[in-house]
Amino acid sequence: MMKKFELLLPISFFIFIFGMLIVHVWMPDRAVSQMENRNLTVLNKRPGLEQIFSGEYSKHLEDYFTDQFPKRDGWIREYVLLQRHMGKLYLNDKYYLAGDGWIAVSPVVEVEEEAVEKFVDELSGLSHDLAQAGIPFTYYSFPAKATYILKAPEFMPKDVGQEQNRKVHELLKERNVDEVRLMDYMDPSIPVEEMFYKTDHHWTMRGAYAAYEALIGTLSERMDESLSPIPYDERNTVCLKNEFLGSWNKILAMTVENDDHVCYNEPIDFSEILTIYERTATREYQADVDKLYGIAKTYEESRPVEYSEGYSRDLIELNIYNQKPQVDKHLVVIKDSYFNPIQLLVASHFRRLTIIDLRYFDKPLIDYLKEIHPDYVLLAYNDRNLNVYLKNE
């Protein structure tokens, strides 16, 4: 009898492993994990001899079996819940729950001196090259959620994000690079909690709209043009009822209950005045405004919505032409995803707005800017982003 019990554990283990193998082979590979917001390893069925003998393929198989493990998302969810049950402070070693549905990120405790210096060097070079071409340039730092939504217990170390951001601007000023720390110009009466999503690293439409107002206000002075933002009117706000898939909540397997929703504030019908052309790696074509921005408006209420679906995906390049511009100017904005909710609002003021995302841009930037020779260039990144992405220079 004892021998049967002794055999039960290893037999059960091998049955479990064999069962998982069968399920693994039967289930199709997933290319992307929506929960983790990253690409998954897909099996390379034809490895080369060099890959096999170098050990590269064994590492590939390890990554493959980890990424394609059956019911992976379910296991991740259970792991996050276990961490919470055990009272772990930093879930997945980075995120902490600040109550009332808020997810915050662990503090940055030291200024990233090397990253700051490299970032400032790249911006200085970009500003210098554009100045030689007669194109004015300004760096805008947008306030990041991780910098302003701290909600940390007193025993946590102090976050140095704001200190680091100020240092970037001080160094740029010393090098005569025009810069704007946008938080200094945004409406101070707006509570910072209203400016950002609880479960995502981006800002809400209210925060984005305040940034748009500050952006146009500061640009008016720099471009010596009579630019005035469209005033915010709460009555124009419309929110979707769909569940919101916050980026940080996805990392935590959607285990944090919250009241986040995608909202819009559109004071005019942009489709009546704007014509948009999207450039991909192979072609440029005219895009439907409603399909490019706010595609989630067409979703059934039962379908969850991500930030990129609520507003806009990150694209190589957009050119937006305005039939009724406030000023006859061509503005280029080099941006990250924080700019996406306000791109049509900004476009409503200019004859042409070119939007470039250097993470995907496939041309030498300076040469291209000299070719199109805009009236003004902005680089607008959230203040946690210290990578210019000048890979083609």
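Residues numbered from 1 in each chain as written. Predicted model: local features only at pLDDT ≥ 70, side-chain atom pairs only at ≥ 80, totals over all residues. Heavy atoms only, no water.

Participant: Help me understand the packing of aromatic side chains, please; the structure alone is not making it clear to me.
Facilitator: Throughout the structure, instances matching the rule amount to 15 aromatic pairs. Here the aromatic rings of Tyr90 and Tyr96 are separated by 6.2 Å at their centres, their planes lie at 65°, and the arrangement is edge-to-face. Residue class for Tyr90 comes out partly exposed when judged on its relative accessible area of 22%. The exposure class assigned to Tyr96 is buried, which follows from its relative accessible area of 3%. Within the aromatic cluster, the residues linked to one another by ring pairs are Tyr264, Tyr293, Tyr307 and Tyr311. (Phe/Tyr/Trp six-rings, centres within 6.5 Å; stacked < 30°, edge-to-face > 60°. Buried < 20%, exposed > 50% of the residue type's maximum accessible area, 1.4 Å probe, protein only.)

Participant: Explain empty space enclosed by the protein to me, please; I cannot follow it from the model alone.
Facilitator: Empty space among the atoms becomes visible once a probe the size of a water molecule is rolled across them. The tally for this structure, following the rule as stated, stands at one cavity of 30 Å³ or more. Estimates place the volume of the largest cavity at around 30 Å³. Around the largest cavity, the lining residues are Ser312, Arg313, Leu315, Ile316, Glu317, Leu318, Lys335, Asn340, Gln343 and Ile355. Among the residues forming the lining of the largest cavity, the class breakdown is four nonpolar, three polar and three charged. (1 Å grid on protein atoms, 1.4 Å probe; cavity = no way out; pocket = protein on both sides within 12 Å on 5 of 7 lines; lining within 4 Å. Points joined across faces, edges and corners; volume = space filled by probe spheres on them. Nonpolar A, V, L, I, M, F, W, Y, C, P; charged D, E, K, R; others polar.)

Participant: What is the right way to read the layout of surface pockets from this model?
Facilitator: Here the second largest pocket defines a volume of roughly 350 Å³. What lines the second largest pocket is a set of 19 residues, and nearest its centre among them are Glu194, Thr204, Arg206, His261 and Cys263. Counting residues per element, the lining of the second largest pocket draws most heavily on strand β8 (residues 263–265), at three residues. (Helix = DSSP H or I, 4+ residues; strand = E, 2+ residues; numbered from the N terminus.)

Participant: How do you make sense of the sheet that holds strand β5 (residues 137–142) when you look at a structure like this?
Facilitator: Read across the open sheet, the eight strands follow the order β6-β5-β14-β12-β13-β11-β9-β10; overall the sheet is mixed. Only two strands of the sheet have a single partner each, and these edge strands are β6 (179–181) and β10 (284–287). Looking at each pair of strands side by side, their axes are set apart by 20° on average, direction ignored. The sheet contact formed by strand β9 (residues 274–279) and strand β11 (residues 317–322) spans six bridges and is antiparallel. For Tyr277, the partnering residue across the bridge sits in β11 and is Asn319. (Pairing = 2+ DSSP bridges. Axes fitted to C-alpha atoms, helices over the stretch in contact; angles between N-to-C directions.)

Participant: Can you walk me through helix α7 (residues 161–174) in this structure?
Facilitator: It helps to recall that an α-helix has 3.6 residues per turn; residues three or four apart then point in one direction. With 14 residues, α7 should cover 20 Å at 1.5 Å per step; its first-to-last C-alpha distance of 20 Å lies within 8% of that length. Gly161, Gln164, Asn165, Val168, His169, Leu171 and Leu172 are the residues of α7 that are buried. Angular distribution of buried residues about the axis of α7 spans 165°; they occupy a single face of the element. Opposite its buried face, α7 presents the exposed residues Lys173 and Glu174, each directed more than 90 degrees away. Where α7 is buried, its residues meet α5 (113–132), β5, α6 (145–148) and β6. Immediately downstream of α7, the backbone of Asn176 shows phi near 60°, a positive value. (Expected span 1.5 Å × (residues − 1). Arc of directions from axis to C-beta. Contact = heavy atoms within 4.5 Å.)

Participant: So what exactly am I meant to see when it comes to the nonpolar core here?
Facilitator: Note that soluble globular proteins tend to have their nonpolar side chains buried in a common cluster. Residues Tyr140, Leu219, Leu331, Val346 and Phe350 are the most contacted members of the largest nonpolar core, which totals 63 residues. Looking at this core element by element, the count peaks at eleven residues for helix α9 (residues 205–223). If we ignore the near neighbours within four places in the chain, the residues touching Leu219 are Tyr140, Asp224, Leu227, Leu331, Phe350, Tyr376 and Leu378. Judged by nonpolar contacts, the second largest core, of 31 residues, contains Phe137, Leu365, Val377 and Val388. (Core = buried A, V, L, I, M, F, W, Y, C linked by side-chain atoms within 4.5 Å.)

Participant: Can you walk me through the environment of Lys297 in this structure?
Facilitator: Examined against the element boundaries, Lys297 turns out to sit in the loop between α11 (289–292) and α12 (307–310). Separated by 33 residues in sequence, Lys297 and Tyr264 have C-alpha atoms that sit 9.8 Å apart. Beyond its immediate stretch of four places on either side in the chain, Lys297 contacts Leu240, Tyr264 and Glu266.

Participant: How should the pattern of salt bridges be read in this particular structure?
Facilitator: Any two side chains of opposite charge can pair, given that their charged atoms come close. For the coordinates displayed, the defined rule picks out 24 salt bridges. Here Arg181 ties to Asp184 by a salt bridge, and the two come within 2.6 Å at their closest N and O atoms. Judged by its relative accessible area of 9%, Arg181 falls in the buried class. Within this structure, Asp314, Lys335, Asp357 and Arg359 form a network of salt bridges that share partners. (Salt bridge = Lys/Arg side-chain N within 4 Å of Asp/Glu carboxyl O.)

Participant: Is there a simple way to explain α9 in this structure?
Facilitator: With 19 residues, α9 should cover 27 Å at 1.5 Å per step; its first-to-last C-alpha distance of 26 Å lies within 8% of that length. Where burial is concerned, most of α9 is hidden: 15 out of the 19 residues are buried. Note on α9: the residue one or two positions beyond its end, Asp224, has a positive phi of about 55°.

Participant: Before we go on, may I ask you to explain the environment of Phe142 in this structure?
Facilitator: Here Phe142 is to be found in strand β5. Classification of Phe142 by relative accessible area gives buried; the value is 0%. Remark: the alpha-carbon pair of Phe142 and Leu215, spanning 73 residues in sequence, is separated by 9.6 Å. Those residues in contact with Phe142 that sit more than four places away from it in its chain are Leu182, Trp203, Tyr338, Phe339, Ala380, Tyr381, Asn382 and Asp383.

Participant: Could you clarify how one ought to interpret the environment of Leu315 in this entry?
Facilitator: Tracing the sequence through the fold places Leu315 in the loop between α12 and β11. A relative accessible area of 7% places Leu315 in the buried class.

Participant: Would you mind going over a negative patch on the surface with me for this structure?
Facilitator: Side chains of Asp269, Glu272, Asp288 and Asp290 sit close together on the surface and give a patch of like negative charge. By secondary structure assignment, the location of Asp288 is in the loop between β10 and α11. (Patch = residues over 30% accessible without salt bridge, like charges linked within 9 Å, V, L, I, M, F, W, Y side chains within 5 Å. Areas by Shrake-Rupley, 256 points an atom, 1.4 Å probe, with all protein chains shown as cover. Lys, Arg positive; Asp, Glu negative; His and termini not counted. Charge placed at Lys NZ, Arg CZ, Asp CG, Glu CD.)

Participant: I'm lost on the packing of α5 against helix α14 (residues 365–372) in this one. Help?
Facilitator: Any two packed helices are characterised by how steeply their axes cross, that is the angle between the axes, and by the distance between the axes. Put simply, α5 and α14 touch, their axes get as near as 10 Å, and they point 30° apart. Taken together, the axes of α5 and α14 are roughly parallel relative to one another. The crossing of α5 and α14 is right-handed. Contacts between α5 and α14 involve Leu126, Asp129 and Leu130 on the former and, on the latter, Leu365, Ile366 and Leu369. Taken together, the residues of the contact of α5 with α14 break down into five nonpolar, no polar and one charged. (Parallel < 35°, antiparallel > 145°, perpendicular 65-115°, else oblique. Left-handed = near helix turned anticlockwise from the far one by under 90°.)

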